[in-house]
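Inside the fold
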Amino acid sequence: MTRLREEVKKALSCKRVSWALTRFADNYVVAREKAYAGKDFAVLRQRVAQIKEETIARLEELAEQFVREATRRGAVVYRAASAEEARAYIADLARAKGIKTVVKSKSMATEEIHLNRFLQEQGLEVVETDLGEWIIQLSGQRPSHLVMPAIHMSRQEVAELFRRQIGVEVEPEISQMVQLARRELRKKFLSAWMGISGANVAVAETGTVAILTNEGNGRLTTTLPPVHVVVVGLEKLVPRLADIVPILEVLPRNATAQILTSYVTLITGSVPAVDPEGNYLPQKELHIILLDNGRTRMAADPVFREALKCIRCAACLNVCPVYQQLGGTFGAVYTGGIGVILTAFFTGFEEAAQLQELCLGCQRCREYCSANIDLPGLIEELRRRVVAKKGVGPAARVALAGILPRRRLFHGFLKTAARMQAPWVKEGKLCRLPFFPELTEGRALPPLSSVPFRERTAHLPRPQSPRGKVVFFSGCLIDYVFPGIGEAVGRVLAAMGRELVHPEGQGCCGFPAWQAGLPGTFARLAQQNLAALAEIEAEAVITACPTCTVALKYLYPEVLKGDAEWAELTRVLAEKVTDFSSFVWERREELLPFLAPIREKITYHDSCHLKYTLRASCFPRELLLAGGAELKEMEPAELCCGFGGSFTLKFPELSRAILERKLQAIEGSGAETVALDCPGCLWQIGSVFSGKTKHTAEILAASLKYPQAP
């Protein structure tokens, strides 16, 4: 973790990377929406997912069919089980042909097998011809993006690179630099005897490979040299030629928000060619390497086979808040969350074991995925396997596995900490933490409450003639940090004629243990909470924390589904669980008569779990509008605040960098109050935002006409 933390700090110090990636990301979301105008993304990506699922199920059958059809049309197909076999095949081929210079078009598969370095060690000159890849090759850096490898470099840096490496002075103007690159690379195209490319699709039915590019270098690489080598992963296979169509519909739109790339090249069999000496060749050599390198193993894995549906559009990178700050540091050859999963199978488990820590768990990537891959779920599963193999650190073992499941010990620990924090609390804010000084760097955190919510419930207003009873699951943050939110929930429910019941036996929902890869500890906490909540017969179980809602409603049934004793109880309870704003909005006619107009300019922050898992972020907005608030949306509206539970403890600098973007959006809205439904986001945003930050329940409770229940 120490090495990774240092790499994160180093990446954050390079502001150019985050500036370029965030600027692109903001424009990307808007442009992508326009590119999909008239298209149904959900339908398209479902079709892509179906095609890829068929491919995974028939992987070996399709590979054999592809070999037969491509061979029948004049190609030589080699099935490489490993990176070593693929590299050796290409080197042997070049050696046998006496080839000295190779030109390459952009190919992640060749990056994956580290082909350039290997061929150069064999004495070959290897020239990348995609402009971004050529710049990266000249600079000796790693690509920072799957589709735009040099996005992190400025025009000035590229001009200086050209001056230093090519010996030519050029103005930092894109047109002039492109002209220079074209002039230099044309020499290589015309003298190279081998061209190497990747492929976006390989069609089993016809033996066709499809290549999507935006620069003419792809066509030049595949047509000019008399020997063309295609390196394509097994997962790029599709059964039929017609299956290319939905991938063509989705890939450019999701990658760069284009309706279609500038070039779409379909290659079926070998064709005539002319060699660099001007000799006519009736049939150029077409070699296709079907690369396994861990893909068969991934296909056999019941969970991770889903990752083989990836079509490398990089949309998950474009919207990832961590990637936008770190660029290529979040990954290896393949970057971002999908890069972590691919690294585990294509490169090595150990490297992926470190990188998975960087996933914030915001779930935004799943919304944009071309093939409907549950990437957050795959990261969680990888984390569980890492913990099963390597264990957790001593601090997590003590806090999560040792203290958290022991409710009385945990609550006693929090109450003791509340008494001992006094020396570091100033003006109601925690200005320094003795064991986590980075957390309070440049901000002030809310302290633990001296009187937790569970000790305040006796003083909550109660309706004289209750319409019903509601069980309230408070969660740790409301219970011990923000008890005022719980009191606000109680006042709103009382105004609606509902009696709030807070079972004493409830504890932490267990999400921190789930997030840390400790499903056993999570299951133990689930059973404790279920036992406590099931004691009360109630209309609903509500929470004012979306993360707790997700745990109770979705994760408890998942983790206990094989337990005969708990499965049915979990299912019944899950049907009653809902978040505060959804519950109130569905019964708004019972509340609105008791509200005075909310005369505030409010901007609403979407917590990730409320928006992407519960799909309920519209309800608090509707409540605030119905109450009379003036709602001012942020631009962009869907930025994560960077909290992420334990993420903010592991990577405080990164968490703070993500928060800075959120603050800019909040301040740009012109609102005086930030409303939200997540106490974790309140903890994060409220620690630095100078304006008011309130839970929706607090805003509604403050607008009640009557302080006591009717």
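Here we summarise the structure given alongside this text. All values derive from a computational prediction rather than experimental measurement.

Each value, and the rule that gives it
Residues numbered from 1 in each chain as written. Predicted model: local features only at pLDDT ≥ 70, side-chain atom pairs only at ≥ 80, totals over all residues. Heavy atoms only, no water. Helix = DSSP H or I, 4+ residues; strand = E, 2+ residues; numbered from the N terminus. Rg over C-alpha atoms; globule rule 2.2 N^0.38 Å. Areas by Shrake-Rupley, 256 points an atom, 1.4 Å probe, with all protein chains shown as cover. Lys, Arg positive; Asp, Glu negative; His and termini not counted. Charge placed at Lys NZ, Arg CZ, Asp CG, Glu CD. Core = buried A, V, L, I, M, F, W, Y, C linked by side-chain atoms within 4.5 Å. Buried < 20%, exposed > 50% of the residue type's maximum accessible area, 1.4 Å probe, protein only. Axes fitted to C-alpha atoms, helices over the stretch in contact; angles between N-to-C directions. Parallel < 35°, antiparallel > 145°, perpendicular 65-115°, else oblique. Contact = heavy atoms within 4.5 Å. Nonpolar A, V, L, I, M, F, W, Y, C, P; charged D, E, K, R; others polar. Salt bridge = Lys/Arg side-chain N within 4 Å of Asp/Glu carboxyl O. 1 Å grid on protein atoms, 1.4 Å probe; cavity = no way out; pocket = protein on both sides within 12 Å on 5 of 7 lines; lining within 4 Å. Points joined across faces, edges and corners; volume = space filled by probe spheres on them.

1. Description of the overall build of the protein
When helices and strands are tallied, the protein shows 34 helices and 22 strands. Relative to a compact globule of 710 residues, whose C-alpha radius of gyration would be 27 Å, the protein shows 29 Å and is just as compact. Projected onto its principal axes, the C-alpha coordinates of the protein cover approximately 95 × 60 × 50 Å. As displayed, the protein has an accessible area near 28,700 Å², and 53% of this comes from carbon and sulfur atoms. Seen as two clouds, the 88 positive and the 78 negative side-chain charges of the protein have centres 2 Å apart.

2. Some details on the nonpolar core
Counting 104 residues, the largest nonpolar core has F66, I288, V322, L358 and L654 as its most contacted members. Residue contributions to this core peak at 7 residues, all from helix α16 (residues 336-346).

3. Points about the packing of helix α2 (residues 15-35) against helix α12 (residues 244-256)
Closest axis-to-axis distance for the α2/α12 pair is 7 Å, and the angle between their directions is 150 degrees. Between α2 and α12, the crossing angle belongs to the class labelled roughly antiparallel. Along the contact surface, α2 presents F24, Y28, R32 and A35, while α12 presents R253, N254 and A255. A breakdown of the residues in the contact of α2 with α12 according to their chemical character gives 4 nonpolar, 1 polar and 2 charged.

4. Points about the environment of L286
Structurally, the position occupied by L286 is in strand β12 (residues 285-291). Separated by 209 residues in sequence, L286 and V77 place their C-alpha atoms 8.5 Å apart. Residues within four places of L286 in sequence aside, it is in contact with A75, V76, H228, V230, I267, G269 and S270.

5. Examining the pattern of salt bridges
Applying the stated criterion across every chain yields a total of 52 salt bridges. Here R240 and D243 are joined by a salt bridge, their closest N and O atoms 3.4 Å apart. On the basis of relative accessibility, which here comes to 30%, the residue R240 falls in the partly exposed class. When its relative accessible area of 2% is taken as the criterion, D243 is described as buried. For the salt bridge of R498 with E590, the shortest nitrogen-to-oxygen distance reads 2.6 Å. Of this pair, R498 sits in strand β16 (residues 498-501) while E590 sits in the loop between α28 (580-586) and β19 (601-604); the two residues are 92 residues apart in sequence, bridging distant segments of the chain. Judged by relative accessible area, which is 6%, R498 ranks as buried. Residue classification places E590 among the buried positions, given a relative accessible area of 16%. Beyond isolated ion pairs, a larger network of salt bridges with shared partners links R47, E54, R58, E61, R240 and D243.

6. Examining unusual backbone geometry
Omega for the peptide link from E635 to P636 comes to -5 degrees, which places this bond in the cis form. Positive phi, close to 55 degrees, is recorded for E427, a residue that is not glycine. Here E427 shows up in the loop between β13 (425-426) and β14 (429-430). Taking the relative accessible area as the measure of exposure, E427 reaches 84% and is therefore exposed. The phi angle at R615 is positive, at roughly 55 degrees, despite the residue not being glycine. Tracing the chain through its elements places R615 in the loop between α29 (608-613) and α30 (618-626).

7. Quick notes on the environment of V147
By the element assignment, V147 lies in the loop between α8 (131-139) and α9 (155-166). By relative accessible area, V147 is classed as partly exposed at 26%. The contacts of V147, once residues within four sequence positions are left out, are K106, A255, T256, R312, C313 and A314.

8. Some words on empty space enclosed by the protein
Considering all chains together, one arrives at 7 cavities of 30 Å³ or more under this definition. Estimated volume of the largest cavity: approximately 140 Å³. In terms of lining, the largest cavity is formed by 15 residues, of which the most central are C320, F330, C359, C362 and C365. Breaking the lining of the largest cavity down by element, the ones donating at least two residues are α15 (321-326) and α19 (375-390). It is α19 that provides the largest number of residues to the lining of the largest cavity, a total of 3 residues. Approximately 120 Å³ is the volume found for the second largest cavity.

Read these as layout, nothing more, since geometry by itself doesn't imply function.
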